[in-house]
Amino acid sequence: MDDMIFLPYPLEEESPSSILKRFALGHGCECPAQLQDFTFMINLNKSEMTICSPLVQWIAARAGRDAQRFLAGFYIPLVREGKHGPFEINGTIVPSKFIRRGPVAFCSQCWDERHERYIKDISLTECCPYHHRRYIHECPACHHKLYWISALNGRCACGHVFVSEACSDDDVYSERYLLETIRNQDSSALSKLKMLLLELGYCYNRGGDSEERKVVLNAAAGIMRGQRQYIDEYLHYQTKKYPHIPLSYIQAKLRHINEPVIKTSLEQFRMDHTPAPSLPAPSFVDPPEFELSRAQLVRISRHSMKELKNCQRTLDFHGQGTVYARYLIDILCHY
Ligand SMILES: [Zn+2]
Ligand SMILES: [Zn+2]
């Protein structure tokens, strides 16, 4: 093992970056530069999550007969390394879009235990479901983004000590769903969740509206679990965000998803259009653009896909992908 004196074995549900951080600490490295000197690795900020990554291979090559036990803690890329594709995590196929790459999520309590969990590597998560703590993504003092190798001693290079803010049980609803799904090795549920997020208009870009992301994700998890509360909240949120859009257009986002819980939610929405009490009404300075997919548009406009395409050509309207702006809906409905 040359100068390697400590080989960490994976803990239960541990994130690969946590294993590598324990390796660094075990060799007296308290900052990235020290680990760099020890391993001769450059660019340690790069995500180190799969069995193919150079640092993981460097350690495995020195681990002798314990290499397999060490490697078992790392994700298996399902496309060639270097390409962005799905990973296998705990025997579950996790879609590429669900994987957090680059800057990481950090729960100070997980790291206090020296045991960060793989759920933090899922890009949809905002809170740690083990400790009910909000993940930190950047230093609140100097705004440096956190990478896997950051905060080995629990603090930023600027000296700020990271403490994750507490959150409620309700805040970790979708995180709990994701954790259960990966524990159950339910790859098809994750694939269906991805489809639902597309239908409901989930924005993967972290620069987008975080409240809206949560409402959409909770609604998708609610549909998967057959629980109505978050679907009702989604409809309420949409009506507040798009007060200028007819309710039938808003319902079109859900109408074709064939789940009994949605049928009940939509019936209730039509009968009793009162706001859900637990969700404050969002306020918007400018009304945002409402979007429907081509398939959703066809359903509410009673026009065929062919007619829709002809209309688009006639109007010389260039949609972005399969998404069309609100005014096209109005035109189509009177076409
Ligand atoms: Zn935690
Ligand atoms: Zn800082």
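Shown above is the structure to which this text applies.
Small disclaimer: the values here were computed from a predicted structure and weren't measured. (Residues numbered from 1 in each chain as written. Chains lettered and ligands numbered in written order. Predicted model: local features only at pLDDT ≥ 70, side-chain atom pairs only at ≥ 80, totals over all residues.)

Participant: Explain the overall build of the protein chain to me, and be specific about the residues and the numbers.
Facilitator: Per the secondary structure count, the protein chain includes 14 helices and 7 strands. Within the span of the protein chain, comprising 335 residues, buried residues form 31% of the whole. Taking all contacts inside the protein chain whose residues are at least 6 apart in sequence as the whole, residues at least 24 apart take part in 61%. (Helix = DSSP H or I, 4+ residues; strand = E, 2+ residues; numbered from the N terminus. Buried ≥ 20, exposed ≤ 12 C-beta atoms within 10 Å, placed from the backbone. Contact = placed C-beta atoms within 7 Å.)

Participant: Outline unusual backbone geometry, supporting the account with residue identities and numerical values.
Facilitator: A positive phi is found at arginine 114, a non-glycine position, where the angle reads about 55 degrees. For arginine 114, the location among the structural elements is in the loop between α5 (108–112) and β4 (127–128). Phi at alanine 151 takes a positive value of approximately 55 degrees, unusual for a residue other than glycine. Here alanine 151 shows up in the loop between β5 (133–134) and α6 (173–183).

Participant: I'd like a rundown of the nonpolar core, residues and numbers included.
Facilitator: Burial of nonpolar side chains together is a common tendency in soluble globular proteins. Core analysis: the biggest nonpolar cluster contains 67 residues, and Phe106, Val216, Ala219, Ala220 and Tyr234 have the highest contact counts within it. With 8 residues, the top contributor of residues to this core is helix α8 (residues 210–225). Apart from residues lying up to four places away in sequence, alanine 220 is in contact with Leu193, Leu196, Leu197 and Leu200. (Core = buried A, V, L, I, M, F, W, Y, C linked by C-beta atoms within 7 Å.)

Participant: Can you tell me about the sheet that holds strand β3 (residues 92–94), naming the residues and giving the values?
Facilitator: Strand order in the open sheet formed by 3 strands is β1-β2-β3, with antiparallel pairing between adjacent strands. One side of each edge strand has no neighbouring strand; the edge strands of this open sheet are β1 (76–77) and β3. Sheet topology note: the β1/strand β2 (residues 87–89) ladder contains 2 bridges and is antiparallel. The partner of isoleucine 76 across the bridge, within β2, is glutamate 88. (Pairing = 2+ DSSP bridges.)

Participant: Help me get a handle on the environment of leucine 178, residues and values and all.
Facilitator: Mapped onto the elements of the fold, leucine 178 is located in helix α6. Between the C-alpha atom of leucine 178 and that of leucine 193, which follows or precedes it by 15 residues, the distance is 9.6 Å. Setting aside chain neighbours within four positions, we find leucine 178 in contact with Ile119, Ile122, Leu124 and Thr125.

Participant: Any details on the packing of helix α10 (residues 247–255) against helix α11 (residues 260–271)? Residues and values, ideally.
Facilitator: α11 packs onto α10 with a crossing angle of 170 degrees between their chain directions and a minimal axis gap of 10 Å. Judged by the angle between their axes, α10 and α11 are roughly antiparallel. Contacts between α10 and α11 involve Gln251, Leu254 and Arg255 from the former and Ile262, Leu266 and Phe269 from the latter. When its residues are assigned to classes, the contact of α10 with α11 shows 4 nonpolar, 1 polar and 1 charged. (Axes fitted to C-alpha atoms, helices over the stretch in contact; angles between N-to-C directions. Parallel < 35°, antiparallel > 145°, perpendicular 65-115°, else oblique. Nonpolar A, V, L, I, M, F, W, Y, C, P; charged D, E, K, R; others polar.)

Participant: Report on the environment of valine 94, specifying residues and quantitative values.
Facilitator: Examined against the element boundaries, valine 94 turns out to sit in strand β3. For valine 94, a count of 25 C-beta atoms within 10 Å gives the class buried. Valine 94 sits 28 residues away from isoleucine 122 along the chain, and the two C-alpha atoms are 8.6 Å apart. Setting aside its immediate chain neighbours within four residues, valine 94 contacts Pro86, Phe87, Ile89, Ile99 and Leu190.

Participant: Describe in detail the packing of helix α7 (residues 187–200) against α8, supporting the description with residues and values.
Facilitator: Where α7 contacts α8, the two axes come as close as 9 Å, and the packing angle between them is 135 degrees. By the angle between their axes, α7 is oblique relative to α8. In terms of crossing hand, the pair formed by α7 and α8 is right-handed. Between α7 and α8, the residues in contact are Ala189, Lys192, Leu193, Leu196, Leu197 and Leu200 and Val216, Ala219, Ala220, Ile223 and Met224, respectively. Its residues assigned to classes, the contact of α7 with α8 shows 10 nonpolar, no polar and 1 charged. (Left-handed = near helix turned anticlockwise from the far one by under 90°.)

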